[in-house]
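Analysis of the macromolecular model
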Amino acid sequence: MNDAALHAKWNGEKTSRKRLGARLGKYGFYYLMLAPALICFLIFSYVPMYGIVLAFKNYRFADGILGSPWVGFEYFKQFFNDLFFWRILRNTLIISGLHLLFGFPAPIVLALLFNELTSRRFKKIAQTISYLPHFMSWVILSGIMLELLSPSRGALNYVIRLFGGHTVHFLADPGYFVGVLVVSHVWQSVGWGSVVYLAAIAGIDQDQYESARIDGASRLQQMRYITLPSLVPIMTVLFILSLGGIMNAGFDQIFNLYNPAVYRVADVIDTYVYRAGLLETKYGFSTAVGLFKNVVALVLVASANYIVKRFNEYGIW
Amino acid sequence: MNMAGRKSAGDIAFDLFNYAFMIVLSLLFLYPFWNLLTLSMTAPQFVDKLGLRLWAEGINLYSYKQLFNNDVIYSAYTNTIIRTVVGTALTVLVSMCAAFALSRRDLPFRNGVTLIMLFTIFFSGGLIPMYMTVKWLGLIGSLWSLILPSLANAWYIILARNFLMSFPKELEESALIDGANPVQVAFRIIFPLSMPIVAVIALWAAVAHWNAWFDAMIYLREKSDYVLQLLVQKIFNQDRLDPTNTGTYIQITSQVSNQSVKAATIIVAIAPIVLVYPFLQKYFVKGVMVGSLKG
């Protein structure tokens, strides 16, 4: 580089241009490889971010985005004063909280149990079955559940009646709906979630278990003092990510299962944004609610990461 | 896990519990799908019976026959296959190329570019801005609206980048010394060796495309453009409003009940995945491992 600098000084502009050209030429090929991805990010991730400005405008189709009148924080004021908004915020947090409460430990427990299985064949079959629901969309899963939970035909109500209970309208009863959401969420995610933990467990040094066994530790104790602590790093990362997603209460799942009878408990931010935006064409309002949600989520992830980093070294970045 | 020999009573009990638990769990996980399968083959007079439906009464395949008498299932299948194949191929291409570029440690602006990509994971414009972007591009009603938006995926790119970075530098250097130019290095050496990660990304992208329904729902208008998942969604969504009717999407005779036809539609939509995923699971698992452990 020093030589080149000297040359540049002596030969003036001509060499500088050549240097820049050489640099671009050297990396040009790589930039070319980057281009498609960058263009896609630009068009489909960053251009929509410009659309956020809709949250501050009263969008009129005829005027387009630029021509529509500015309304500032009007929509934000509107929804903070809107009773419905606090309802959907509450629902979002409750549903997400419950998903976290039940859905976070479940894969860990399952992984620990899988790990204790000695027959490899049995373990593989059980695992494969356990993540079958993960590969289905919520459209499919909700169709299946509609059948199972049906008050007139469903197997679950059949079993309940068998034991002398009354028919439950699982999907229409606000008291049961959230429970259905949580249980089916675990059904869908526990198998796949356990894969990550199993991979982490497989990486644990077996010598630790050896010495523990020699010292007379029981299987439960081995789990508690060796396996679980080794999983803390990966648990932390996944927990941070889950916290960051707390504003997403699972649109796919709720949208395909809910109905107006249970809006009271099931309507979350994303479903509200969808209805207000695409069905009622309240573009500006919907964008404002969505923006609020995305900003909060971003702050949450950043904060969670910061807090965790303060207490130990594990974090996302 | 346990050494051969001394197993305490507690250990044996635990093992028994574990195996029993796993068996019950597996049966419970499979039962909903089985229920649907038997429903799809049940004769109309038995469909409304309350029960466990462990086997199909009046077993027949008329539901499937009638389903396949409708054009919409063929177009849905075709559209789904097209979007999955094209979408996956392009996603893999775009991701691998970008990952390759980003794996060059000396690439200028590398950190900046990575940050630009990472940011999209944590923040987005939202539903309406996305919808308007797609509309502005004139993609409404086109299959491209299902393919293009998901081409750039920061997860896949970072995953592939980390994978490529684990290659020893000597590999490239010796090729360059031998006189190869970067293009040849990329396509003749690096890409063939990347097949493992290509498989992982391809499978993830393919499953995502096969299961995607929301984009189809908001961007497509004509029934003939529908993808499988959307078809199922429309049928069942209508069911929640009017349980007696599949009519608008699938015409049936009284030989079958619409419940069994709806069940058959789902079976047909998930059959490819169910049949294929057990054999490909090692790729999926590998992807998760590489992705999460290496961060």
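Treat the numbers as computed from the prediction; the structure is a model and nothing was measured.

A separate point is the overall build of chain A. Of regular secondary structure, chain A possesses 16 helices and zero strands. Taking all 317 residues of chain A together, the buried fraction comes to 50%. The long-range share in chain A, meaning contacts at least 24 apart out of those at least 6 apart in sequence, stands at 61%. A total accessible area of about 15700 Å² is found for chain A, and carbon and sulfur atoms account for 65% of it.

Let us now look at the pattern of salt bridges. Residues and elements named next belong to chain A. The tally for this structure, following the rule as stated, stands at 11 salt bridges over all chains. Its salt-bridge partner being D270, residue K293 comes within 2.9 Å of it at the nearest N-O pair. Taken together, the residues span a long stretch of sequence, with K293 in helix α16 (residues 283-311) and D270 in helix α15 (residues 269-279) at a distance of 23 residues. Considered together, K293 and D270 belong to a single accessibility category, that of buried residues. The structure contains a network of salt bridges with shared partners spanning R87, D267 and R275.

What follows covers the domain arrangement of chain A. All names here are of chain A. Splitting chain A by domain gives domain 1 (1-56) and domain 2 (76-311). Computed over C-alpha atoms only, the centres of domain 1 and domain 2 are separated by 43 Å. Listed as interface residues are five residues of domain 1 and, on the opposing side, five residues of domain 2. For the pair domain 1 and domain 2, the two sides together bury roughly 410 Å², of which 84% comes from carbon and sulfur. Among the residues domain 1 hides against domain 2, the three largest losses belong to I52, L54 and A55. Together they make up 82% of the total. Taken together, the links from domain 1 to domain 2 amount to zero salt bridges.

Another point: the interface of chain A and chain B. At the interface, 95 residues of chain A touch 100 residues of chain B. Summed over both partners, the interface of chain A with chain B comes to about 9000 Å²; 76% of that surface belongs to carbon and sulfur atoms. Here chain A is connected to chain B by two salt bridges. On inspection of chain A and its partner chain B, the count reaches 13 residue pairs in polar contact (both at pLDDT 80 or more). The leading source of residues in the side of chain A that touches chain B is helix α2 (residues 13-50) of chain A, at 20 residues. Tallied by class, residues from the side of chain A that touches chain B come to 66 nonpolar, 18 polar and 11 charged.

Our focus in this paragraph is the environment of A216 of chain B. All names here are of chain B. For A216, the position within the fold is in helix α12 (residues 214-219). Of the residues examined, A216 reaches a relative accessible area of 0% and is grouped as buried. For the pair A216 and V276, spaced 60 residues apart in the sequence, the C-alpha separation amounts to 24 Å.

Once that is clear, we can look at helix α11 (residues 195-211) of chain B. Between the first and last C-alpha of α11 of chain B there are 24 Å, a value that for 17 residues agrees with the 24 Å anticipated at 1.5 Å per step. Taken together, the buried positions of α11 of chain B are I197, V198, A199, V200, I201, L203, A205, V207, H209, W210 and N211 of chain B.

With that settled, the discussion passes to the packing of helix α4 (residues 71-102) of chain B against helix α8 (residues 154-165) of chain B. Relative placement of two packed helices is described by the angle separating their axes and the distance separating the axes. Residues and elements named next belong to chain B. For the pair α4 and α8, interaxial distance at closest approach is 8 Å and the crossing angle is 50°. One way to sum up the angle between α4 and α8 is to call them oblique. Between α4 and α8 the crossing geometry is right-handed. Touching T91, S95, M96, A98, A99, F100 and L102 of α4 are Y156, I157, A160, R161 and L164, all from α8. Grouping the amino acids of the contact of α4 with α8 by side-chain chemistry returns nine nonpolar, two polar and one charged.

Okay, a nonpolar patch on the surface next. On the surface, V159, L162 and F163 of chain A together with W34, L52, L54 and W55 of chain B cluster together into a nonpolar patch covering about 780 Å² of accessible area. For W34 of chain B, the position within the fold is in helix α1 (residues 9-40). Under the relative-accessibility criterion, W34 of chain B is labelled partly exposed at 42%.

Here we come to the environment of Y62 of chain B. In this structure, Y62 of chain B sits in helix α3 (residues 62-67). Setting aside anything within four residues of it in sequence, one finds Y62 of chain B in contact with Q255 and V256 of chain B.

Conventions we followed
- In this convention, every chain numbers its residues from 1, walking through the sequence in written order.
- Chains and ligands are labelled by the order in which they are written, letters from A for the one and numbers from 1 for the other.
- Local features in this predicted model are restricted to residues whose pLDDT is 70 or higher, and side-chain atom pairs enter the listing and the counts only when it is 80 or higher, whereas totals over whole chains, interfaces and linings include all residues.
- Computation of side-chain values: all heavy atoms of the structure, hydrogens and water removed.
- The numbering of helices and of strands both runs from the N terminus, where a helix is a DSSP run of H or I of at least 4 residues and a strand a run of E of at least 2.
- Residue exposure (1.4 Å probe, protein chains only): buried if accessible area is under 20% of the type maximum, exposed if over 50%, otherwise partly exposed.
- Contacts are assigned to residue pairs with any non-hydrogen atoms lying within 4.5 Å of each other.
- Under the convention used here, a 1.4 Å probe and the Shrake-Rupley method define accessible areas, while residue burial counts only the protein chains that appear.
- A pairing counts as a salt bridge when a side-chain nitrogen of Lys or Arg comes within 4 Å of a carboxyl oxygen of Asp or Glu.
- The split into domains, and so the bounds of each, comes from an automatic or database assignment of domains.
- Once two parts are joined, some of their accessible surface, as seen by a 1.4 Å probe, is lost; buried area is that loss totalled over both.
- In the analysis that follows, any N or O atom pair within 3.5 Å is treated as a polar contact, provided that within protein one partner can donate a hydrogen and the other can accept it, and provided that, for residues neighboring in sequence, both atoms belong to side chains.
- Basically, the charged four are Asp, Glu, Lys and Arg, the nonpolar ten are Ala, Val, Leu, Ile, Met, Phe, Trp, Tyr, Cys and Pro, and anything else, Gly included, counts as polar.
- Under the convention used throughout, the expected extent of a helix is 1.5 Å for every residue step, that is, one less than its residue count.
- Only the stretch in contact is used when fitting a helix axis, every axis being a line fitted to C-alpha atoms; angles between N-to-C directions are given from 0 to 180 degrees.
- Each angle is binned into one of four classes, with values under 35 degrees roughly parallel, values over 145 roughly antiparallel, values of 65 to 115 roughly perpendicular, and all other values oblique.
- Left-handed describes a crossing whose near helix is turned anticlockwise from the far helix by less than a right angle; the clockwise case is right-handed.
- Each patch is built from salt-bridge-free residues with over 30% relative accessible area, joining like charges within 9 Å and nonpolar side chains (Val, Leu, Ile, Met, Phe, Trp, Tyr) within 5 Å.

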